[in-house]
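# Architecture at a glance
Read off the chains here:
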Amino acid sequence: MEQVSSAARPTSAMTGPDAAVTVRCGGVRGSIPSPGPHTVRYGGNTSCVQLCHGDTRLVLDAGSGIRSLGHELVADGVKDHVLLLTHFHWDHIQGFPFFEPLHDSDSTLRIFGPDQNGTDLKRLFERQMDPIFFPVPLASAAAELRFETVTDHPIEIRDAVVRTLRVKHPSYVLGYRIEVSGTVVCYVPDNELDGEGYGVDAGWKDRMTRFVGDADLLIHDAMYTEGEYEGRRGWGHSTFEQALELAEAAGVARLLFFHHDPARTDDQLDALVGSLRERAAARGCPVDLEAAAESTVIRMETPA
């Protein structure tokens, strides 16, 4: 597994049966976009991640980071798009109206998302793009749109198997486990690991650990420090330490801290991750950890 430069863009070309799985972060911030001089290195766009393996391309969430990704997909001539949504809070869908493939008449866009009290997924986006809130209605989209509600059953998309688990965050929110060519990537951007309630039972923590078990890469909510968390219990987010504890218990190889607080500066993230990395190494923790950045592109060679 290696990290490559931000200039290296995933393409659909394969070099053989062992071609790598590539994960690219397009937006890593939580709650609201936070551009500015203090967030330049990690980025200010909200949640969006792309996973590629050969012709399989999955886009996870549609925060403001999806805008630039959409431009690149169109430039690359990609016509079949799959969007997996964890939930419908603003920071996970606010980039959707600006996703260029949405306005390409030659494109097909399959949109998966969790049930929200029986509300039709298409209706949720119609509300988002109602003229009261946005000037262009969903009905004007040129692409062919297919909306699919996620159930407990695995989803097969080309050579990927996608599994889901309800996580702890206000509304009905999913985490995703993607298994492709022997590689496992888990995406859990909003999750309060130590929170109470959220419609889950007492066995949830064990299920969560199994869900991310032995992942090659876990992208997990780490919005707060331990000190900040005490005043934000019930807000639906985890700490850096909680995310690392989960990764270590589950045998995860690599952890990306995600959903950064919009007020967190680049220097603060450097210091937090550096300190935690030193403490983890001192006690023999084997997890490779870092904070996700918009420049993060991770290439994972698939098993022979």
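Just above, that's the structure.
Summary of the structure given here. (Residues numbered from 1 in each chain as written. Predicted model: local features only at pLDDT ≥ 70, side-chain atom pairs only at ≥ 80, totals over all residues. Heavy atoms only, no water.)

### A look at the packing of aromatic side chains
To be explicit about the condition: Side-chain rings of Phe, Tyr and Trp, where Trp is taken by its six-membered ring, are said to pair if the distance between their centres is within 6.5 Å; with planes under 30 degrees apart they count as stacked, over 60 as edge-to-face, and otherwise as tilted. We count a stretch as a helix when DSSP gives it H or I for four or more residues in a row; a strand needs E for two or more, and each element gets its number in order from the N terminus. Classification of residues uses two cut-offs on accessible area relative to the type maximum, computed with a 1.4 Å probe and protein chains only: under 20% is buried, over 50% is exposed, and between them is partly exposed.
Inspection of the entire model under this criterion finds 6 aromatic pairs. With a centroid separation of 5.1 Å and an interplanar angle of 70°, the aromatic rings of F240 and F257 are classed as edge-to-face. Of the two residues, F240 is situated in helix α6 (residues 240–250) and F257 in strand β13 (residues 254–258); the sequence distance between them amounts to 17 residues. Taking the relative accessible area as the measure of exposure, F240 reaches 3% and is therefore buried. Among the aromatic residues, those joined into a cluster by ring pairs are F88, F96, F125 and F147.

### Quick notes on the pairing of β13
Which entries qualify depends on this criterion: A pair of strands counts as paired when DSSP detects no fewer than two bridges linking them. By convention, orient the strands away from the viewer: a clockwise path from the first strand over the helix to the second makes the crossover right-handed.
Among the 5 residues of β13, 5 are classified as buried, and the element is accordingly described as predominantly covered. Examined bridge by bridge, strand β12 (residues 217–221) and β13 share 4 bridges and lie parallel to one another. When the sheet's bridge partners are listed, I219 is paired in β13 with L256. Sheet analysis places β13 next to strand β14 (residues 288–291), joined by 4 bridges and oriented parallel. Opposite R254, over in β14, you have D288 as the bridge partner. Traced from β13 through helix α7 (residues 266–282) to β14, the parallel crossover comes out right-handed.

Remember, this is a structural readout, not a statement about activity or role.
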